[in-house]
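Fold and geometry: a report
If you want the building blocks of each chain, they are given just below.
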Amino acid sequence: MSFFRIKEALAGKPAIGSEITIKGWVRTRRDSKAGFSFINVHDGSCFDPIQVVAPGELANYASEVQKLTAGCAIECTGTLVESAGRGQKFEIQASTVGVIGWVDDPETYPIQPKRHTFEFLREVAHLRPRTNTFGAITRVRHVAAQAIHRFFHERGYYWINTPIITASDAEGAGDMFRVSTLDLTNLPRTESGAIDFGQDFFGRETFLTVSGQLNVEGYCLALTNVYTFGPTFRAENSNTSRHLAEFWMVEPEIAFADLDDLADVAEDFLKYIFSAVLEECPDDMAFFEKQIEPEAITRLTTLIDTPFVRLDYEEAIEILKKADVKFEYPAEWGLDLQTEHERYLTEKHFNAPVVVMNYPTEIKAFYMRLSDDERTVAALDVLAPGIGEIIGGSQREERLDVIERRMDELGLDKEHYNWYLDLRRYGTVPHAGFGLGFERLVNYITGMTNIRDVIPYPRVPGKADF
RNA sequence: UCCCCAGUAGCUCAGCUGGUUAGAGCGGGUGACUGUUAAUCACUAGGUCCGCGGUUCGAGUCCGUGCUGGGGAGCCA
């Protein structure tokens, strides 16, 4: 007897006729007229469950096997045989079926062998990984994450674990979660009556990071090619299908690179990940295509084969002005692109991923590199059909005098960013980087429409269950 | 935060212009059945119609309000 994951058994790794053991959870049980039962068992190793044929002669057939319901954990030993029925290549002719864990109350077990709404499954986030859909999402998410690390590793990028707790409010990229060990019911005060953060754990105000970019730039200007991949936190009151308060972000930072180099990397990067998922998760992707999004596979293959459209913000505005569509908000040079504008560009006008480059200086962050005429900065957004902005990045301002001037204009405290400015004082070089929302990527790959369904336990305003 | 929509059995839903005892499918239980594929068939149990207040002889149904969920917008990844 030897143990196998269901994926191995279904792939025929153990020889036909050999005795194997599998362990997993019951998805369905069907009793045959002939006095035996079919049990579909899954263990998360692959999309398909394995069919166990439990003969009526089993000692515990009436007492246990016939009482199995969805969700029971079992251990089956038997012979791997070619299936006598249709629908699967292999099955297990069981010699023993042992129950490891019963479902206490089958009637209230939330995961039934039927279609559930995603809204309902969010309320049972601890059990939803047992469903087809969430098993598939989990495997795709994993493969995409592995592909990201592999992409960078193969190209000589180092993974930098930037801090999660930070004292800098980064680029002012939104509201931050405060980190404190102060007693909220009895806050220490300074003489002026302000909260005395000097007595807090770190001796100053601290927050959860909204981006690892500033920190990773230091490693970029030492190791040349680096990236972060970790949790990111935004305390914004965003209630949409594409925002989370806690999400995972990938941020490569590339030395000796300009905006065009960055766009090249962004395009290669996305294509690499999509290819990896298509190759490593064919069954899961087939499921998404069949049940979730009919275009799930074709839009990925198309995207892999099609060069991304690249255009300047200025050109994008021209296109939007000429569009015979009535927008709720005007498209005007100097205004940021609205969601409806982005959708038009990527879904209607080009029907392809679009890289919009060189935005007006006024609407972008201080660290983005100023153009010679100072009207624009070297920023880019990658827009994908059906998902909107998936990547945002820029060439960084590497010139000390220019970045200091911009910080002054924006009223930022240079003392606060002194270490960041050091990077411009000591051996500065042109460099560029982008941020990719990992969940948005998984959303796009799977065709899932709500970002809360592609992260195991979503955190959103008003909700931190599980 | 703003604008729309929704909340009925464990789940997915039906329930007409207000009118007897609120229904179905799936799931659960019991039983039947020569290999089933979310098996099939019969029987059966199961309800704070989201909460509160109001209109009415009478409210699942109409009105107000609160809560929860969803879609869209803003902010962004």
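Our subject in this report is the structure included herewith. (Residues numbered from 1 in each chain as written. Chains lettered and ligands numbered in written order. Predicted model: local features only at pLDDT ≥ 70, side-chain atom pairs only at ≥ 80, totals over all residues. Heavy atoms only, no water.)

1. Quick notes on the protein's contact with RNA strand B
Around RNA strand B sit 52 residues, and of these Arg86, Pro113, Lys114, His243 and Arg440 come closest. Restricting attention to atoms of RNA strand B within 4 Å of the protein, one finds that 49% of them are sugar or phosphate atoms. One of the side-chain nitrogen or oxygen atoms of Asn237 is found 2.8 Å away from a phosphate oxygen of RNA strand B. A distance of 2.6 Å is found between a phosphate oxygen of RNA strand B and a side-chain nitrogen or oxygen belonging to Thr339. Split into classes, the residues belonging to the surface near RNA strand B amount to 13 nonpolar, 22 polar and 17 charged. (Near = heavy atom within 4 Å. Polar contact = N/O pair within 3.5 Å; in protein donor to acceptor, adjacent residues only side chain to side chain. Nonpolar A, V, L, I, M, F, W, Y, C, P; charged D, E, K, R; others polar.)

2. Quick look at helix α5 (residues 259-280)
Its 22 residues place the ends of α5 32 Å apart at the C-alpha level, agreeing with the 32 Å of an ideal helix rising 1.5 Å per residue. The residue sitting at the N-terminus of α5 and contributing the capping side-chain oxygen is Asp258; that oxygen lies 3.1 Å from the backbone nitrogen of Asp260. (Helix = DSSP H or I, 4+ residues; strand = E, 2+ residues; numbered from the N terminus. Expected span 1.5 Å × (residues − 1).)

3. Quick look at the nonpolar core
Ile39, Val52, Val97, Phe269, Met285, Leu441 and Ile445 are the most contacted members of the largest nonpolar core, which has 96 residues in total. In terms of residue count, the dominant contributor to this core is α5 (13 residues). With near-sequence residues (within four places) excluded, Val97 lies in contact with Ile39, Val52, Ala54, Leu58, Asn60, Val65, Leu68, Ile74, Glu75 and Cys76. (Core = buried A, V, L, I, M, F, W, Y, C linked by side-chain atoms within 4.5 Å. Buried < 20%, exposed > 50% of the residue type's maximum accessible area, 1.4 Å probe, protein only. Contact = heavy atoms within 4.5 Å.)

4. As for the pairing of strand β12 (residues 246-255)
Counting buried positions along β12 yields eight of 10 residues, so the element is predominantly enclosed. Where strand β11 (residues 225-233) and β12 come together, nine bridges link them in antiparallel fashion. Within β12, the position partnered with Phe233 by the bridge is Glu246. Strand direction decides the pairing type here: β12 and strand β17 (residues 431-437), joined by five bridges, are antiparallel. Paired with Val250 across the bridge in β17 is Leu436. (Pairing = 2+ DSSP bridges.)

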